[in-house]
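# Chains, contacts and geometry: an overview
Given next are the chains, with one letter for each unit.
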Amino acid sequence: MATMKGAFMHGLDNMIIKEIPKPTAGKGNVVVSLEYVGICGSDVHYYHSGKCGAYEVDMSQDYMLGHETAGTVVEVGEGVTTLKVGDRVCLEPGITDGTCEFCKEGKYNLCPDVQFLATPPVAGCNEEFISCGRLDDQQCCRLLLQASGECLHEGRCADRAPFCRLPCSKSGRCTGR
């Protein structure tokens, strides 16, 4: 089994690097090589106090932070037609059910079952690779790069998720509404 490195919170104010299994692209998924992972205020709260709002890290286990991320598709699973190897993408940290009334109306931020990367119990993505299965404009969003180096965002993630601006700016200047 192939492995990769991941950075984990190991108690308060302490990070360690561990070898963990590298994901593969199953049916309908892609694997993204992560190039940028932002550190958010919630990550800082978890790191220093083990909690943020009503969420608390289980301190008996190592916990991966990081949820604002961008990278390049390196593997495409069977049935994927919207992305290809080499596409630069940013990832929405909110994981929704995709089936509720709000999701169907494009208001995924109101999904009652939403979970977030790096919000317990869901691990973050401070790792070399991540598998992504929601290949619509709500989770894995392709970035288009012009010859000028400007980054035009396909989908509308940058319009709806301010987190995209940092990873997108690392990929080139972001333009849009």
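Residues numbered from 1 in each chain as written. Predicted model: local features only at pLDDT ≥ 70, side-chain atom pairs only at ≥ 80, totals over all residues. Heavy atoms only, no water.

## What about helix 1 (residues 41-49)?
Residues lying three or four places apart along an α-helix face the same way, a consequence of the helix completing one turn every 3.6 residues. Let me state the cut-off plainly: Throughout, exposure labels follow a simple rule: accessible area from a 1.4 Å probe, protein chains only, divided by the maximum for the residue type, with under 20% read as buried, over 50% as exposed, and the rest as partly exposed. Comment: elements are numbered from the N terminus, with helices defined as DSSP H or I runs of at least four residues and strands as E runs of at least two. It is the directions from the helix axis to the C-beta atoms whose arc is reported. Whether two residues are in contact is decided by their heavy atoms: any pair within 4.5 Å suffices.
Every buried residue of helix 1 is accounted for by Ser42, Asp43 and Tyr46. Relative to the axis of helix 1, the buried residues are bounded by an arc of 105° and lie together on one face. Where the residues of helix 1 are buried, they touch strand 1 (3-9), strand 3 (30-38), strand 4 (51-52) and strand 5 (55-56). Immediately beyond the C-terminal end of helix 1, within one or two residues, lies Gly50, with a positive phi of roughly 80°.

## Notes on the environment of Lys84
Summarising the element assignment, Lys84 is placed in the loop between strand 6 (68-76) and strand 7 (88-91). Taking the C-alpha atoms as reference points, Lys84 and Arg142, 58 residues apart in sequence, are found 9.8 Å from one another. When residues no more than four places from it in sequence are discounted, the contact partners of Lys84 are Val73 and Val76.

## With respect to the nonpolar core
Buried together is how nonpolar side chains tend to be arranged in soluble globular proteins. The test is simple: Here, nonpolar core means buried Ala, Val, Leu, Ile, Met, Phe, Trp, Tyr and Cys residues that are tied together by side-chain atoms lying within 4.5 Å of each other.
Of all hydrophobic cores here, the largest spans 14 residues; its most connected members are Val30, Val32, Leu83, Val89, Leu91, Ile130 and Cys140. Elements with a minimum of two residues in this core: strand 3, strand 7 and strand 10 (129-132). Counting residues per element, this core draws most heavily on strand 3, which supplies 3 residues. Beyond its immediate stretch of four places on either side in the chain, Ile130 contacts Pro23, Val30, Val31, Val32, Leu34, Leu91, Leu117 and Cys125. Among the nonpolar cores identified, the runner-up in size contains 7 residues, and Met4, Ala25, Met64 and Phe129 belong to it.

## Details of the pattern of salt bridges
As a reminder of what qualifies: The salt bridge criterion pairs a side-chain nitrogen of Lys or Arg with a carboxyl oxygen of Asp or Glu, the two atoms within 4 Å.
According to the stated counting rule, one finds 5 salt bridges in the structure shown. A salt bridge links Asp62 to Lys18, with the shortest nitrogen-to-oxygen separation between them at 3.0 Å. Remark: Lys18 occurs in strand 2 (residues 15-21) and Asp62 occurs in the loop between strand 5 and strand 6; sequence separation between them is 44 residues. In this structure Asp62 comes out as partly exposed when scored by relative accessible area, which is 24%. Residue class for Lys18 comes out partly exposed when judged on its relative accessible area of 30%. The shortest N-O distance in the salt bridge between Glu35 and Arg88 comes to 3.5 Å.

## Things to note about the state of the cysteines
Going by this rule: When the sulfur atoms of two cysteines come within 2.5 Å, that pair is taken as a disulfide.
Across all of its chains, the model carries 0 disulfides by this definition. Free cysteine: Cys40, not disulfide-bonded; nearest cysteine sulfur from Cys52 at 7.8 Å. There is no disulfide at Cys103, and the cysteine sulfur nearest it, in Cys100, is 3.6 Å away. Owing to a relative accessible area of 7%, Cys103 belongs among the buried residues under this scheme.

That is the geometry; function is a separate question.
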